[in-house]
Amino acid sequence: MNSRSNQVRDTSGAATELGYIFTFLLGVLLLSVFSIWTWDIETATRERWNEEAIQMNLDDLAAAVERADEASRLGNVEYTECVWWRATEADENLFTISLSDNSLLLVDEGGGLDTEVFISGAGLGNHTGSIELSGAQMIWVTHKDGLTSIDINRPQ
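Below or above, wherever it landed, is the structure these notes cover. (Residues numbered from 1 in each chain as written. Predicted model: local features only at pLDDT ≥ 70, side-chain atom pairs only at ≥ 80, totals over all residues. Heavy atoms only, no water.)

Details of the packing of aromatic side chains
And step 1. In this structure the tally under the stated criterion is one aromatic pair.
And step 2. An angle of 50° between the planes, with centres 5.7 Å apart, marks the rings of Phe 34 and Trp 37 as tilted. With Phe 34 and Trp 37 both in helix α1 (residues 12-72), this residue pair falls three residues apart, about one helical turn.
And step 3. A relative accessible area of 46% means that Phe 34 is categorised as partly exposed. (Phe/Tyr/Trp six-rings, centres within 6.5 Å; stacked < 30°, edge-to-face > 60°. Helix = DSSP H or I, 4+ residues; strand = E, 2+ residues; numbered from the N terminus. Buried < 20%, exposed > 50% of the residue type's maximum accessible area, 1.4 Å probe, protein only.)

Below, the structure is given as structure tokens:
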């Protein structure tokens, strides 16, 4: 008897293997798309959090400058206030904050986080000060001798 005549061509096993391979590749594709999607969400959330934290920090600093201006209108007084800087994920070594008569300006040398907060400038003195935020956790707002300023060093 011929052994070839008894062989049956069964292709269902090969089709099953191909189905497994295509299912695996589809799973890899879906997981890749999902991971890219979640990475985009995480990145957008981190950027939004940074922007909001920086805005809140500048708002707190502007409010302290407004309080120093209010104190300046009381007469010949000295006023000092400490404002805590909330941590961000941005590189704060590249941040510079400048105080002018009408605004606080944050300049980010490394990115697009430049921000300006306007203040009333209703004090009896002038505003001055420019600080590099590198490693600072607190910013001092001082009004003395007709001048309102910001500094990272505690006034004496």
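Read on, since the account is not over.
As for the sheet that holds strand β4 (residues 115-118)
Backbone hydrogen bonds hold the strands of a sheet together, and the pairing may be parallel or antiparallel.
And step 1. With antiparallel pairing, the four strands of this open sheet are ordered in space as β4-β3-β2-β6. Each edge of the sheet is formed by a strand with only one pairing partner; in this case those strands are β4 and β6 (130-132). The mean inter-strand angle of the sheet, taken between neighbouring strand axes irrespective of direction, is 15°.
And step 2. One ladder, built from five bridges, connects strand β2 (residues 95-99) with strand β3 (residues 103-108); its direction is antiparallel. (Pairing = 2+ DSSP bridges. Axes fitted to C-alpha atoms, helices over the stretch in contact; angles between N-to-C directions.)

Some points on the nonpolar core
And step 1. Formed by 26 residues in total, the largest nonpolar core has its most connected members in Leu 61, Trp 85, Phe 95, Ile 97, Ile 139, Val 141 and Ile 150.
And step 2. If we skip the residues at most four places from it in the chain, Phe 95 touches Ile 54, Trp 85, Ala 90, Leu 106, Val 107, Asp 108, Leu 113, Ile 131, Glu 132 and Leu 133. (Core = buried A, V, L, I, M, F, W, Y, C linked by side-chain atoms within 4.5 Å. Contact = heavy atoms within 4.5 Å.)

A closer look at the pairing of strand β7 (residues 138-144)
And step 1. In terms of burial, β7 is a largely internal element, five of the seven residues being buried.
And step 2. By the bridge criterion, six bridges tie strand β1 (residues 79-84) to β7 in an arrangement that is antiparallel. Bridge pairing in β7 places Thr 80 opposite Thr 142.
And step 3. Taken together, the five bridges between β7 and strand β8 (residues 147-151) define a ladder with antiparallel strand orientation. Note on β8: the bridge partner recorded for Thr 142 is Ser 149.
And step 4. Connecting β7 to the next strand, β8, in antiparallel fashion are two residues, including Asp 145 with a positive phi near 55°.

Description of the sheet that holds β1
And step 1. The mixed open sheet is built from four strands, whose spatial order is β1-β7-β8-β5. The sheet is open, and its two edges are formed by β1 and β5 (126-128), each paired on a single side. Taken over all neighbouring pairs, the strand axes of this sheet differ in orientation by 15° on average, direction set aside.
And step 2. Taken together, the three bridges between β5 and β8 define a ladder with parallel strand orientation. By the bridge assignment for β8, Asn 126 is matched with Leu 147.

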